Amino acid sequence: MLKRTCYSNNLKDGEEVVLAGWVHERRDLGGIKFILLRDRGGIAQITAPKKKVSEEIFKLMDSLGREWVIAVKGNTKASLQAPSGLEVIPSEIEIISMAEPSLPLDPSEKVDADIDTRLDNRFMDIRKPRVTAIFKIRSEILRAAREYLLSQAFVEIQTPKISASGTEGGTELFPLSYFEREAFLAQSPQLYKQTMMATGMDRVFEMAHYFRAEESNTRRHLSESDAVDIEMSFIESEDDVIYILENLVSHILKCVNDNKKNELALLGVEVNTPSTPFRRVKYEEAISLLQESGFNVHHGEDLGTESEKALGNIVKEKYGDDLYFLTKYPLSTKPFYTNFDGETARAFDLDYKGVEISSGGQRIHNVEILKTRIKEKGLPVSSFEAYLKPFRYGMPPHGGFGLGIDRLIMQMLNLENIREGVLFPHDRRRLEP
Ligand code: ATP
Ligand code: MG
């Protein structure tokens, strides 16, 4: 097999190269034949003028089908017509793998496909340069997240994804049969990362996959999703956690802007890099803003999808911000482990263009208060024994957040549907591929 020497985006004039990739398109102008060859770097034009290539190559150009995998050896040459300004005149073409002639979708995007067709044929959908770009940006998001958290002395950890009980009790859990017992897939690392605060490691983070049995099909929920979670000790209030989250998100956006310019251009997206601190909108203010705009929301309720979205528009119009924290939530809307002042939770959400991308706060570290809150939420204290134990032997004040990666990329790139930013999204209806 011919050995690839470069990708289509690093061709130089007057070199002998070997490119390898897929036949994106074929054109025949009689005396001259073209192939657009697609690889990871983009698209290269292979030009075969009858007079300049062997008869064998000229004929072979005709037999190639769309999406066949080929390798092409040839010389590069400046060309005004070629998309990159360079074309390759082939001296050897090797067929590596053929494709059936009727394609399940069109990687050159001349024919539109609906989201289900795209996801059913995801391997081919990802061949589209614009879809590949999304996943290159996703990789940069994770790299930047890790870079920032390590720079702030966080230690990366991995916690179990199978556990004996759920995080917040009951709902949204996927049960599984675990030898002679029932177990559950992890819905979040909440209990483990809090346990880590009793170990003296002070600052930990985890980037992992979580499972939630979301009943309804929405454009922003999946059964499997990825998150960056952190937990940190010796905090004074949830503001210490907010500080890390806003600087993390702002670092991620800056890195994507600096390092993924070509991908953003391909997607036609501009990412605004926000300055820190991000705006804080108190829950009470959010409710008033929504009521003023005619929304039927009441103090004490959690915000639904529609009101979150409307609030996004209001904040953007009023202050010009895409990213803002919602703070001072009523305690009743937050999980049992949330710390509080009276009826107000020491918890926050981070919303991006009207969609929640993160939740966090200061946790309760006093074991007696924690037990009371578990009971008040109607949960059985007995099933939290393992969780409560570390709180009985020296637990510092702590807090953290979970940041949804799939939500972040969806909002950053203005994707219609969370599924577009996930390789193989799974939801209630879809379990394959
Ligand atoms: P929502 O109210 O939007 O369903 P949540 O408050 O239940 O989210 P959290 O428990 O706060 O979610 O989880 C932390 C973050 O994880 C969320 O802010 C979100 O970014 C992400 N997330 C939660 N559930 C899902 C899901 N089913 N699919 C994708 N991302 C999710
Ligand atoms: Mg939340």
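Quantities reported herein were computed from a predicted structural model and do not represent experimental measurements.

So, on to the overall build of the chain. Looking only at helices and strands, the chain features twelve helices and 18 strands. Each of the three principal axes of the chain carries a C-alpha extent, and together these read 85 × 55 × 40 Å. Residues counted as buried form 51% of the 433 residues belonging to the chain. Total accessible area computed for the chain in this model is approximately 21,000 Å², and 50% of it derives from carbon and sulfur atoms.

Attention shifts here to the sheet that holds strand 10 (residues 203–211). The eight strands are arranged 6-10-11-18-17-16-13-12 in an open sheet whose pairing can be described as mixed. A strand with exactly one partner marks an edge of an open sheet, and here the two such strands are strand 6 (155–156) and strand 12 (279–282). Here six bridges tie strand 16 (residues 347–352) to strand 17 (residues 355–362), and the two strands are oriented antiparallel to one another. Bridge pairing links D351 to E356 in strand 17. Set on the sheet, helix 9 (residues 305–319) makes contact with strand 12, strand 13 (323–327), strand 16 and strand 17; between it and strand 13 the angle comes to about 120 degrees.

Around ligand 1 sit 14 residues in total, of which E214, H221, L222, E356 and I357 are the nearest. R407 has a polar side-chain atom sitting 3.1 Å from an oxygen atom of ligand 1. In the complex, 81% of the free accessible area of ligand 1, which totals 590 Å², lies under the protein chains. For the shell around ligand 1, the secondary structure elements donating two or more residues are strand 17 and strand 18 (398–404). Considering each element in turn, the shell around ligand 1 owes the most residues, four residues, to strand 17. A per-class count over the shell around ligand 1 returns three nonpolar, six polar and five charged.

What follows covers the coordination of the magnesium ion (ligand 2). Here the magnesium ion (ligand 2) is held by E356 (OE) and S359 (OG), and the distances to it run 2.1 to 2.3 Å. Classification of E356 by relative accessible area gives partly exposed; the value is 21%.

Our next topic: unusual backbone geometry. T276 connects to P277 through a cis peptide bond whose omega is -5 degrees. In this structure, P277 sits in the loop between helix 7 (261–267) and strand 12. One non-glycine residue with positive phi stands out, namely E109, at about 65 degrees. Phi angles above zero are rare outside glycine, and K353 is one such case at about 50 degrees. Secondary-structure assignment places K353 in the loop between strand 16 and strand 17.

Let's shift gears to the sheet that holds strand 7 (residues 162–163). If you walk across this open sheet you meet the three strands as 7-9-8, and the pairing is antiparallel. The sheet terminates laterally at strand 7 and strand 8 (175–178), the two strands that pair on one side only. Examined bridge by bridge, strand 8 and strand 9 (residues 181–185) share four bridges and lie antiparallel to one another. When the bridges of strand 9 are listed, Y178 appears paired with R181.

So, on to the environment of D28. With respect to the helices, strands and loops of the structure, D28 is situated in strand 1 (residues 16–28). A relative accessible area of 45% places D28 in the partly exposed class. A sequence separation of 60 residues divides D28 from V88, and the C-alpha atoms of the two residues are 16 Å apart. In this structure, D28 is in contact with K33 and D62, ignoring residues within four places of it in sequence. Reaching out from D28, the side chain makes a polar contact with the backbone nitrogen of G30 at a distance of 2.8 Å. At 3.1 Å, the side chain of D28 and the side chain of K33 are in polar contact.

Take the nonpolar core next. If you look at soluble globular proteins, the nonpolar side chains tend to sit buried side by side. By size, the foremost hydrophobic cluster in this structure holds 51 residues, and its most contacted members are I137, I141, L149, I252, F401, M412 and L413. With residues up to four places along the chain from it excluded, the contact list for I137 reads V256, K260, E263, L264, L267, I409, M412 and L413. Core analysis: the second largest hydrophobic core is formed by 22 residues, C6, A44, F58 and W68 among them.

Conventions we followed
- Residues numbered from 1 in each chain as written.
- Chains lettered and ligands numbered in written order.
- Predicted model: local features only at pLDDT ≥ 70, side-chain atom pairs only at ≥ 80, totals over all residues.
- Heavy atoms only, no water.
- Helix = DSSP H or I, 4+ residues; strand = E, 2+ residues; numbered from the N terminus.
- Buried < 20%, exposed > 50% of the residue type's maximum accessible area, 1.4 Å probe, protein only.
- Areas by Shrake-Rupley, 256 points an atom, 1.4 Å probe, with all protein chains shown as cover.
- Pairing = 2+ DSSP bridges.
- Contact = heavy atoms within 4.5 Å.
- Axes fitted to C-alpha atoms, helices over the stretch in contact; angles between N-to-C directions.
- Near = heavy atom within 4 Å.
- Polar contact = N/O pair within 3.5 Å; in protein donor to acceptor, adjacent residues only side chain to side chain.
- Nonpolar A, V, L, I, M, F, W, Y, C, P; charged D, E, K, R; others polar.
- Donors = N, O, S within 2.8 Å, 3.2 Å for Na, K, Ca; no water.
- Core = buried A, V, L, I, M, F, W, Y, C linked by side-chain atoms within 4.5 Å.

Without other data, these values stay purely geometric and don't point to any function.
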